[in-house]
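Results of the structural survey
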Amino acid sequence: MKNNLKNTIKIFHGPQHPGITGNMSVELDLLGETIKRAQTHVGYLHRGFEKLVERRTVVQAFTIVCRICVPEPDPNEENFARAVENLAGLEISEKAKYIRTMVLEMQRLATMFLWMGGQAGSIGLGLIPQWSVCDRDYMLDLFEELTGGRVYHMYAFPGGVRRDLPEGFLDKLSDLLDYYEKRIIVYNNTFFDNVIFKKRAIGVGVVNRDEVLKNGYVGQTMRACGIQKDVRKDMPYLMYDKLDFDIPIQQDGDVYARAIVRRDEMLQSIRILRQIIKQMPKEGDILQKIPKHRKFKLPADDTYVQTESARGAMSYYMAGDGSEKIRRMQVRGPSLVHAYTLLEKLLVDSELADVAMTMNSLGICPPEIER
Amino acid sequence: MDLASKLEKLSLQLVQKQDYLYSVTVGFERLESLLLSFLNEFGYITLDSINCRDDLEDGFFTITYCLQTKDRDHVVMVQTKIQRENASLPTMHTIWPQAEIMEREMHEMFGVDFPGHPTLIDFALEYWDNMPPLRRDFDTLEYVNSMNPFREQRGDALDAKEEMKKKREAKKAAKLKAQQEAEAKAALEAKNNPSDEVKNEE
Amino acid sequence: MAIDVKGVLSPLSAIGTLFEHPRTLTYPEVKKDIPIGYRGFHINNLETCVGCASCEEICMNDAIDMIHPDKEYNVKNTSGCIPRIDYGRCCWCSLCTDVCPPGSLKLDNICTHADCDPDNFLYMPKNHKNIGEEAS
Ligand code: SF4
Ligand code: SF4
């Protein structure tokens, strides 16, 4: 190992690099174009959320959890809300459950469009990012109407959701889904079937199937290796056990397989949303007031909740101590293991030009590694 | 559940916390062997996360290992308590590679030592020389105030409670004054035409 | 190696989009509608604000200061103070508007403010007369 590093040069891929998925860097030892050693560094985005919630009451802490992950804040809100509900024994109404499921699926679609832009941009297909970010914006417009914010929604409150559906919202959503279905055909032609993408992606970044389960890889990384697991099916939360959907899988475990899994998941999300639009209850409470709103005391207990985000299972550990403050909240997103255990291994003996593509397809998001 | 009877043989108790969540508490000495039997005998092959909770008042850390089977349909939390002073845990990175990074983070954030861990280097905080920040006796507010000044322009902020009290007192004083004035006025009027008084008496 | 004919030709369908109507707006002339309920800048109905400082208490960013207004708007105001918000710290979470007992503090859908002087980010919520009545 030491000898291999003899004639190498060292470059830092990030934190200021268009191909990186955020504020992190990968330290690469290169022999020619080939990577001999890769090491991940984070620390450019540490905001100390886990410490901050210790100083706040439950209601106050709720507004910052969504900031843990920029591209998809809603799984964080859902996890936080569900952890508090578990600890306090709150039961939320059916309508609130449906709305929260809907928001999660809308968020999944929006995140997938953003991912598509990154994935295509990282191999030099400059057109796709322009389109997909535009398409994501239509979803953000709907979020704006529903929650009042485009990116950080602060919507799923412990006990339900904060606002009711605006008038005509479901029709707008249904129209948008029609549009998305048409767009996915366009993306199929221009991106997923594109010979450039195929040549670059097939056989690159192959994840070893045997270590997937043991090392705790989640999301598309796992499903592209032919393992059909999804938190929505295995430990159903909210309304997912009443909805009908499939878990798409692929067998090859490379970048291309992960892209195809993501595309199929987008179609599944559209399918789920259509069912939700049909089944959404007309009447019903949306928010069950948590007792003593401002002075709400969290019981002395702990819990662990998991939500399927667009990049894999995202888990929260939460413990209360009988006071108004949260004693400990730990965030375990999919990126931590992907960025260290997996990425450092995958990059060895691959090419420099493939780094950005591999990172993107693993769904690595630095804000959630260091919180 | 099958696992419960297996754990009973080891004289441990499995507690169901939520629908898909179980927990088992074990003494520190038996932690490593229990984790190994979870992996090898009970089929819990995934280590999902390791987390640490600072129970400052009682003087220990509560460590939680979250494990999943290959079906990933429930989570078991293996919990143990270790002393806060000179906290140290056995490293699991040889068994679960992902434990390496989780332990590195815990070392930085809580100051837990892992003898035999190969890369206990900085994780997110480079050149940090204060107390490990996620220990609960580390005061974030004090640290921030010592590092950054507060904006001076906001010095005119008032304490609303004080203002309320002031206003209430002012109101009371005004009321009292008005009352006194009214009384004085009445007395004066009474003096000026005593005939009124006579009328009233009648 | 066989040439992937479909993979070569199908991306060329992108040329068709040249003839589509553009999705962008010509910004200064055409502006996007901001929906009702957007969480923008604060407005406060000073006639109904009772100066209870609930908003100051719940704001976890310490963005709200209670200060004296230029004149008395509401005789029932218990402390004689109204909130002022530091937009250097606010995150537009709208917790303060949720807890406001008379519902006088609200978020408007106006959301543009640019200034090079940080002191001007101390924002007095605009006095809006009828919002308190609308809410009730
Ligand atoms: S704005 Fe509302 S919460 Fe704030 S002081 Fe006035 S009445 Fe109280
Ligand atoms: S919106 Fe949130 S951050 Fe802003 S002043 Fe209100 S409570 Fe504070």
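Note: the structure precedes this text.
The present account deals with the structure reproduced in this document. Sequence order as written defines the numbering, with residues in each chain counted from 1. All chains are assigned letters beginning with A, and all ligands numbers beginning with 1, in the order in which they are written. Thresholds applied to this predicted model are a pLDDT of at least 70 for local features of residues and 80 or more for the giving and counting of side-chain atom pairs; totals over whole chains, interfaces and linings are not thresholded and use all residues. Note that the side-chain values use all heavy atoms of the structure and ignore hydrogens as well as water.

Think of it this way: any DSSP run of H or I at least four residues long counts as a helix, any run of E at least two long counts as a strand, and we number them from the N terminus. When you go through chain C residue by residue, the secondary structure sums to four helices and six strands. Going from N to C terminus, chain C has its helices and strands arranged as α-β-α-β-β-α-β-β-β-α. Taken against the 2.2 N^0.38 rule, which gives 14 Å for 136 residues, the C-alpha radius of gyration of chain C at 24 Å runs more than 25% over that of a compact globule. Only protein chains enter the calculation, and the probe is 1.4 Å; a residue is then buried if its accessible area is under 20% of its type maximum, exposed if over 50%, and partly exposed in between. Counting over 136 residues, chain C shows a buried share of 42%. Residue pairs at least 24 apart in sequence account for 77% of intrachain contacts in chain C once pairs closer than 6 positions are excluded. For chain C, the exposed surface amounts to about 8,000 Å²; the carbon and sulfur share of it is 59%. Here the globule rule is a power law, 2.2 Å times the number of residues to the power 0.38, and the radius of gyration is based on C-alpha atoms. We call two residues contacting when some pair of their heavy atoms lies within 4.5 Å. Every accessible area reported is derived by Shrake-Rupley at a probe size of 1.4 Å, with residue values counting cover from the shown protein chains alone.

Put simply, a salt bridge is a Lys or Arg side-chain nitrogen that is within 4 Å of an Asp or Glu carboxyl oxygen. For the structure on display, the rule yields 49 salt bridges over all chains. One salt bridge connects Asp244 of chain A with Arg271 of chain A, and the closest N-O pair in it is separated by 3.1 Å. Pair noted here: Asp244 of chain A is in the loop between α10 (231–234) and α11 (255–279) and Arg271 of chain A is in helix α11, with a separation of 27 residues, a long-range link. Asp244 of chain A gets classed as partly exposed once you look at its relative accessible area, which sits at 46%. Where Glu20 of chain C meets Arg23 of chain C, a salt bridge forms, and the shortest distance between an N and an O atom there is 3.3 Å. Salt bridges sharing common partners tie together Asp301, Asp302, Asp321 and Arg327 of chain A together with Lys17, Arg53, Asp55, Glu57 and Arg136 of chain B.

Distances are taken per atom, and a residue is near a molecule or strand as soon as one of its heavy atoms is within 4 Å of it. Close contacts around ligand 1 come from 15 residues, with Cys49, Cys52, Ala53, Cys55 and Cys100 of chain C the closest. Residue composition of the shell around ligand 1, grouped by class: eleven nonpolar, four polar and no charged. Residue type decides the class: Asp, Glu, Lys and Arg count as charged, Ala, Val, Leu, Ile, Met, Phe, Trp, Tyr, Cys and Pro as nonpolar, and the leftover types, Gly among them, as polar.

Turning our eyes to something else, we now look at the interface of chain B and chain A. The interface of chain B with chain A comprises 49 residues on the first partner and 41 residues on the second. Once two parts are put together, the accessible area they lose, assessed with a 1.4 Å probe and summed over both, is termed the buried area. Each partner contributes to the roughly 3,700 Å² buried at the junction of chain B and chain A, and carbon and sulfur atoms together form 53% of this total. Linking chain B to chain A there are five salt bridges. Here Asp302 of chain A makes a salt bridge to Lys17 of chain B, at a shortest N to O gap of 2.5 Å. Within 3.5 Å is the distance limit for a polar contact, defined as a pair of N or O atoms, with the added protein rule that one can donate a hydrogen and the other accept it, and that residues adjacent in sequence qualify only through two side-chain atoms. Inspection of the region where chain B meets chain A yields 26 residue pairs in polar contact (both at pLDDT 80 or more).

Right, let's talk about the site of ligand 2 for a bit. Surrounding ligand 2, one finds His42, Cys59, Asn61, Ile64, Ile85, Cys90, Cys91, Trp92, Cys93, Ser94 and Cys96 of chain C. The residue inventory of the shell around ligand 2, partitioned by class, reads eight nonpolar, three polar and no charged.

A separate point is the nonpolar core. Note on terminology: a nonpolar core comprises buried Ala, Val, Leu, Ile, Met, Phe, Trp, Tyr and Cys residues joined through side-chain atoms within 4.5 Å. Counting 71 residues, the largest nonpolar core has Ile99, Met102, Met106, Met116, Met139 and Phe192 of chain A as its most contacted members. Elements with a minimum of two residues in this core: α4 (94–122), α5 (127–147), α6 (169–192), α7 (195–201), α11 and β7 (312–320) of chain A together with β5 (75–83) of chain B. The element best represented in this core is α4 of chain A, accounting for 14 residues. Leu336 of chain A together with Leu3, Ile82 and Leu125 of chain B belong to the second largest nonpolar core, which has 68 residues in total.

Next up on the list: empty space enclosed by the protein. Cavities and pockets are found on a 1 Å grid laid over the protein atoms alone: a cavity is a set of points where a 1.4 Å probe fits but cannot escape, a pocket is an open set with protein on both sides within 12 Å along at least five of seven lines, and a lining residue has an atom within 4 Å of such a point. Grid points are joined across faces, edges and corners, and a volume is the space filled by probe spheres set on the points. Throughout the structure, instances matching the rule amount to six cavities of 30 Å³ or more. What the largest cavity holds in volume is close to 120 Å³. Considering the residues around the largest cavity, the lining is formed by 17 residues, among which Gln330 and Arg371 of chain A together with Ile50, Met102 and Glu105 of chain B are closest to the centre. For the lining of the largest cavity, the secondary-structure elements that each account for two or more residues are β8 (326–332) of chain A together with β3 (46–55) and α3 (99–110) of chain B. Residue contributions to the lining of the largest cavity peak at five residues, all from α3 of chain B.

Let's shift gears to the interface of chain C and chain A. Taken together, the 30 residues of chain C in the interface contact 34 residues of chain A. For the chain C face of the interface with chain A, the top three residues by lost area are Arg23, Arg39 and Met60 of chain C, together amounting to 24%. Our count for the contact surface shared by chain C and chain A stands at three salt bridges. Across the pair Arg162 of chain A and Asp98 of chain C runs a salt bridge whose closest N-O atoms are separated by 2.9 Å. Elements supplying a minimum of two residues to the side of chain C that touches chain A: α1 (5–9), α2 (54–58) and α3 (95–99) of chain C. Partitioned by chemical class, the residues of the side of chain C that touches chain A number 14 nonpolar, eight polar and eight charged.

What follows is about the packing of aromatic side chains. Under the pairing criterion, centres of Phe, Tyr and Trp rings, with the six-membered ring standing for Trp, must be within 6.5 Å; the plane angle then separates stacked pairs below 30 degrees from edge-to-face pairs above 60, leaving the rest tilted. Enumeration according to the criterion identifies 21 aromatic pairs over all chains in this entry. Ring geometry for Phe113 of chain A versus Tyr180 of chain A: centroids 4.7 Å apart, planes at 45°, classification tilted. One end of the pair, Phe113 of chain A, is in helix α4; the other, Tyr180 of chain A, is in helix α6, and 67 residues separate them in sequence. The residues Phe113 of chain A and Tyr180 of chain A share a single accessibility class, namely buried. With 5.2 Å between their ring centres and 85° between their planes, Phe38 of chain B and Phe42 of chain B make a pair best called edge-to-face. In this structure, Phe38 of chain B and Phe42 of chain B share a single accessibility class: buried. Geometry around Trp131 of chain A places Arg183 of chain A over its ring, the cationic atom sitting 5.0 Å from the centre. Note on geometry: a ring has a charge over it if NZ (lysine) or CZ (arginine) is within 6 Å of the ring centre and within 35 degrees of the ring normal. A cation over an aromatic ring shows up here: Arg263 of chain A above the ring of Phe192 of chain A, its NZ or CZ 5.5 Å from the ring centre.

All names here are of chain A. Tracing the sequence through the fold places Asp74 in helix α3 (residues 74–88). Neither His nor the chain ends contribute to the count of charged residues, in which Lys and Arg are positive and Asp and Glu negative. It is Arg100 that comes nearest to the buried, bridge-free Asp74 among opposite-charge side chains, at 8.9 Å. Other than its neighbours up to four places away in sequence, Asp74 contacts Val103, Leu104, Gln107, Phe143 and His153.

What follows concerns the layout of surface pockets. The volume enclosed by the largest pocket comes to roughly 1,200 Å³. Put simply, the parts of the chain that give the lining of the largest pocket at least two residues each are α1 (49–52) and α2 (58–65) of chain A, α3 and α4 (140–147) of chain B together with α2 of chain C. In terms of residue count, the dominant contributor to the lining of the largest pocket is α4 of chain B (five residues). Here the lining of the largest pocket is composed, by residue class, of 17 nonpolar, eight polar and 15 charged.

All right, on to a nonpolar patch on the surface then. Residue and element names in this part refer to chain C. Patch membership is restricted to residues that have no salt bridge and whose relative accessible area is over 30%. Joining uses 9 Å for like charges and 5 Å for the nonpolar side chains Val, Leu, Ile, Met, Phe, Trp and Tyr. A cluster of nonpolar side chains, contributed by Ile3, Val5, Val8, Leu9, Leu12, Ile15, Leu18 and Phe19, occupies part of the molecular surface with about 890 Å² of accessible area. Inspection of the secondary structure puts Val8 in helix α1. With relative accessibility at 39%, the residue Val8 sits in the partly exposed group.

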